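Listed below, chain by chain, are the residues.
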Amino acid sequence: MSSADTERIELEIGGMTCAACAQRVERRLNKLEGVTATVNYATEKAAVQVGVASERGVSGREAAVAELISTVEKTGYSAQEPVPLTEEGSAASPAARDLVGLRRRLLISSGLTVPVVLLAMVPALQFPWWNWVSLALTLPVVLWAGWPFHRAAALNARAGTATMDTLISLGTLAALLWSLYAMLFGAAGDPQLRHEFVFFAEPVWASDAAHAMGAASIYFEVAAAVTVFLLLGRYFEKRSKSQAGQALRSLLNLGAKEVTVLRDGDEVLVPVRELSVGDEFIVRPGEKIAADGTVLTGASAVDMSMLTGESVPVEVAQGDSVTGATMNSSGRLVVRASRVGSDTQLAQMARLVEEAQSGKAQVQRLADRISGIFVPIVLGIALLTLLLWLAFGPSAESAFTAAVAVLIIACPCALGLATPTALLVGTGRGAQLGILIRGPEVLEASRGIDTVVLDKTGTVTTGAMKLAAMHSARAWAASVSSERDRADGGRDGGGHAGRDGDGDAGRDDDAELLRLAGALESASEHPIARAVTNAARETLGSTSGKLPAASDFTNHQGYGVSGTVSERLVMVGRRELLRQHGIELPAEVAGLLAQAESQGSTPVLVAVDGSFAGVLIVSDAVKDTSAEAVARFTAMGLSVVLLTGDNAGAAHRVAAEVGIEEVIAEALPQDKVEAILRLQEQGRTVAMVGDGVNDAAALAQADLGIAMGTGTDVAINAAGITVMRGDLRSVADALALSRRTLRVIRSNLFWAFGYNVAAIPLAALGLLNPMLAGAAMVFSSLSVVGNSLRLRGFKGV
């Protein structure tokens, strides 16, 4: 029995003309065993989760892709895996081919339709046989240029469904066939025919007996003009959707195309796709960094605006990490590649945005369900309109006009575009600003947020903690003894002479304390651990290779770490960690700890071989922008809570500095989750902002998790929104963008629903010419797309 792994496969779908088409493809794919598919009309892509037999490897995936493509093609559409978004790849996509074909049909049909409309609307231009010329010009417009609509309608009919293409096809063909009937069997074939154009049908309450049964009326201008209007709308709709996705394409095309690699001491220029992990490459001033990596030699300023939206370059030097596609502004760098190709941060950003754009919000699922039943209802309304007008109206001409107008104006294009276009533009604009929104459900979660919970270290503060002081146990004891001796000498006039060598011994003990603690903490990624390790390397003049290796490393989550260094058992962490292992602290140490905490610093205790060995004191600085960010949250009507595992003294000092009143301190990872739960039980809707491994569970528990992109991968993966800048103001921008996108979605849906509710009765009452109905339907779709495109101008709060 073969095991199966679930894999995400993406397909580009060609030939879809409306949201109902997307629904058809989605339903057909979901009927396949082990397949869960979502088809997005706006992006013209299918996101498919499918079980792929692991023992078949690549061939299993290829078989799955082939089956999916075959299913889509049987449904009547084309499909292929997305090609890379280069210029050549973009031109090869189904969407690009559809756009080119639409443009050709639109240009030719427009040239043929203009004289048809002029002849119908201006009686002075109606020369002998003009009606037959109109027929000759209209046939290719309706039958060839309108073929995509007729083809889709036929496919839908074969499948027993109806979409808005059904409405378009029925409306234009009805106008053409009625006109042909009037030409061949009625008076409309008279070469001397004169035709008066009217914008409105005769009202249903009128009773002009002078009207004939319509055999002298032709509707070539309606059939041709409606086809052109709809082609125009479809063309601009596709082009607008292409513009809406431009942010993502621009993001993907930002990377370097070539890279200078060092191989056997020589500089070799190769395509960036040939770069491998571990390769060393050169980045000269003005060049883009080809991949994520670590600087080996050199120093420079790197423009990170592509990634973070921040225009100020970041200084980098030996040992610093750099990100692919960012620009080297000044010095020459030699970088060792750590992540290449699809593993780079840029590629991951693009993947997150694509996955977000392929999802569906709950409101969109509702709109899809409405679209699915809307078309049959409209067909029923059109038939009822025709029958009522034939029974009570003044003429068959009026009946036909009203019924065709209902078919044309009721096309639910705007309804299908309302949500996906706003989502497409909003997530794309977010990516440009360094804000990654994982999906539509994240947008919906942001709507009710009333409380923002902030982690302290690395979120409100810089996270670049530094060692401020260290006190080994022996040096501390000597210092305390010396103070006592001085006090005794002051009382009795005597005192002991200083102990020779105590100062040197104390310094040696401090160095050994830092060496052991730094070696152990080098295995941890916590900001405090990095501060201790960096101090050990700098103070001792060591490189990373000269610090002793730690073995048996154990992370006591929320308390500290332990392990073996140079055959000695070392513990580094909070006082609770030492107490759990029965290690007592000297009474005098309590005062030192209290003093450090009152100053906002964090004391870290060290034990060696089961005995207290000393205290390391680290401090952190508040980010310059944190107070402004908290003020923005408050202005948005949000309550702000500081939640940290740090001591209460440090937490309250930071909170006071940035303007936060509610503080929860000394919280372990499980305590952070419980704190979020308590806030939720109070009826609050909570957004949690964090950056560390210890924040991941709280990020997942919150109604909305927001990760700082400068943090760990675990935190980023647990969050719904990631802000790539280490700036809390970006969190305010992310919430504002989410809210703005939701408002656009709601306004789009209101317009789409309102348009159809208001327009169908007008058409049924004979107050709209079918040609005007077609133009109005196009306008409704373009207005929805245009409203969504306004999000491209979002600047933040």
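The residue count restarts for each chain, going from 1 along the sequence in the order it is written. In view of the model being predicted, local features appear only for residues whose pLDDT reaches at least 70, and side-chain atom pairs are presented and counted only at 80 or more, with totals across whole chains, interfaces and linings using the full set of residues. Processing note: side-chain calculations cover all non-hydrogen atoms of the structure and skip hydrogens and water entirely.

If you check an unreviewed UniProt entry, the protein appears there as Cu+-exporting ATPase from Nesterenkonia aurantiaca. UniProt positions are given in the numbering used here, feature names are shortened, and annotations may be inferred rather than shown by experiment. Entered under Sequence similarities (unreviewed entry) in the UniProt record, the comment concerning the protein runs "Belongs to the cation transport ATPase (P-type) (TC 3.A.3) family. Type IB subfamily." Quoted straight from UniProt, the Subcellular location (unreviewed entry) entry for the protein says "Cell membrane".

A.B. asks: Give a detailed account of the packing of aromatic side chains, specifying residues and quantitative values.
C.D. replies: A pair of aromatic rings is counted whenever rings of Phe, Tyr or Trp (Trp by its six-membered ring) have centres within 6.5 Å, and the orientation is called stacked for planes under 30 degrees apart, edge-to-face for over 60 and tilted otherwise. In this structure the tally under the stated criterion is zero aromatic pairs. Two limits define a charge over a ring: the Lys NZ or Arg CZ must be within 6 Å of the ring centre, and within 35 degrees of the ring normal. Over the aromatic face of W144 sits the side chain of R105, whose NZ or CZ is 5.1 Å from the ring centroid.

A.B. asks: Can you tell me about a nonpolar patch on the surface, naming the residues and giving the values?
C.D. replies: For patches, a residue must show more than 30% relative accessible area and have no salt bridge; joins then use 9 Å for like charges and 5 Å for nonpolar side chains, namely Val, Leu, Ile, Met, Phe, Trp and Tyr. Each accessible area value is a Shrake-Rupley result obtained with a 1.4 Å probe; residue values ignore everything except the protein chains displayed when judging cover. By definition, a salt bridge exists where a carboxyl oxygen of Asp or Glu is found within 4 Å of a side-chain nitrogen of Lys or Arg. Together, V114, L118, M121, V122 and L125 give the surface a local cluster of nonpolar side chains, amounting to about 390 Å² of exposed area. Mapped onto the elements of the fold, V122 is located in the loop between α4 (94–121) and α5 (130–145). Taking the relative accessible area as the measure of exposure, V122 reaches 33% and is therefore partly exposed. The numbering of helices and of strands both runs from the N terminus, where a helix is a DSSP run of H or I of at least 4 residues and a strand a run of E of at least 2. We call a residue buried when its accessible area falls under 20% of the maximum for its residue type, exposed when it is over 50%, and partly exposed in between, using a 1.4 Å probe and counting protein chains only.

A.B. asks: So what's going on with the packing of helix α22 (residues 626–635) against helix α27 (residues 728–764)? Which residues, and what values?
C.D. replies: Between N-to-C directions, angles span 0 to 180 degrees; the directions come from axes that are lines fitted to C-alpha atoms, helices contributing only their stretch in contact. The N-to-C vectors of α22 and α27 enclose an angle of 25°; their axes lie 7 Å apart at closest approach. Considering the angle they form, α22 stands roughly parallel to α27. Contacts from S626, E628, A629, R632 and F633 of α22 reach α27 at L728, R729, V731, A732, D733 and L735. Under the grouping applied here, Gly and all other residues not named as nonpolar or charged are polar, the nonpolar ones being Ala, Val, Leu, Ile, Met, Phe, Trp, Tyr, Cys and Pro and the charged ones Asp, Glu, Lys and Arg. The residue makeup of the contact of α22 with α27, split by class, is six nonpolar, one polar and four charged. Any angle from 65 to 115 degrees is called roughly perpendicular, while one under 35 is roughly parallel, one over 145 is roughly antiparallel, and all others are oblique. When checking whether two residues touch, look at their non-hydrogen atoms; a contact exists if any pair is within 4.5 Å.

A.B. asks: I'd like a description of the nonpolar core, backed by residues and values.
C.D. replies: In globular proteins that are soluble, nonpolar side chains generally tend to be buried together. By nonpolar core is meant a set of buried Ala, Val, Leu, Ile, Met, Phe, Trp, Tyr and Cys residues that side-chain atoms within 4.5 Å join together. If you look at the biggest cluster of nonpolar residues, it comprises 39 residues, and the most contacted ones within it are L454, F633, L642 and I721. With eight residues, the single largest contributor to this core is α27. With near-sequence residues (within four places) excluded, L454 lies in contact with V460, V630, F633, V640, V641, L642, L643, I660, V689 and L728. Counting 33 residues, the second-largest nonpolar core is a separate cluster that includes L135, L193, V228 and V404.

A.B. asks: Quick one: what's the story with the environment of V283, residue by residue and with numbers?
C.D. replies: Within the element layout of this structure, V283 appears in strand β7 (residues 280–283). Remark: the alpha-carbon pair of V283 and T260, spanning 23 residues in sequence, is separated by 7.4 Å. Discounting residues that sit within four places of it in the chain, V283 has contacts with K288, I289, N328, G331, R332, L333 and V335.

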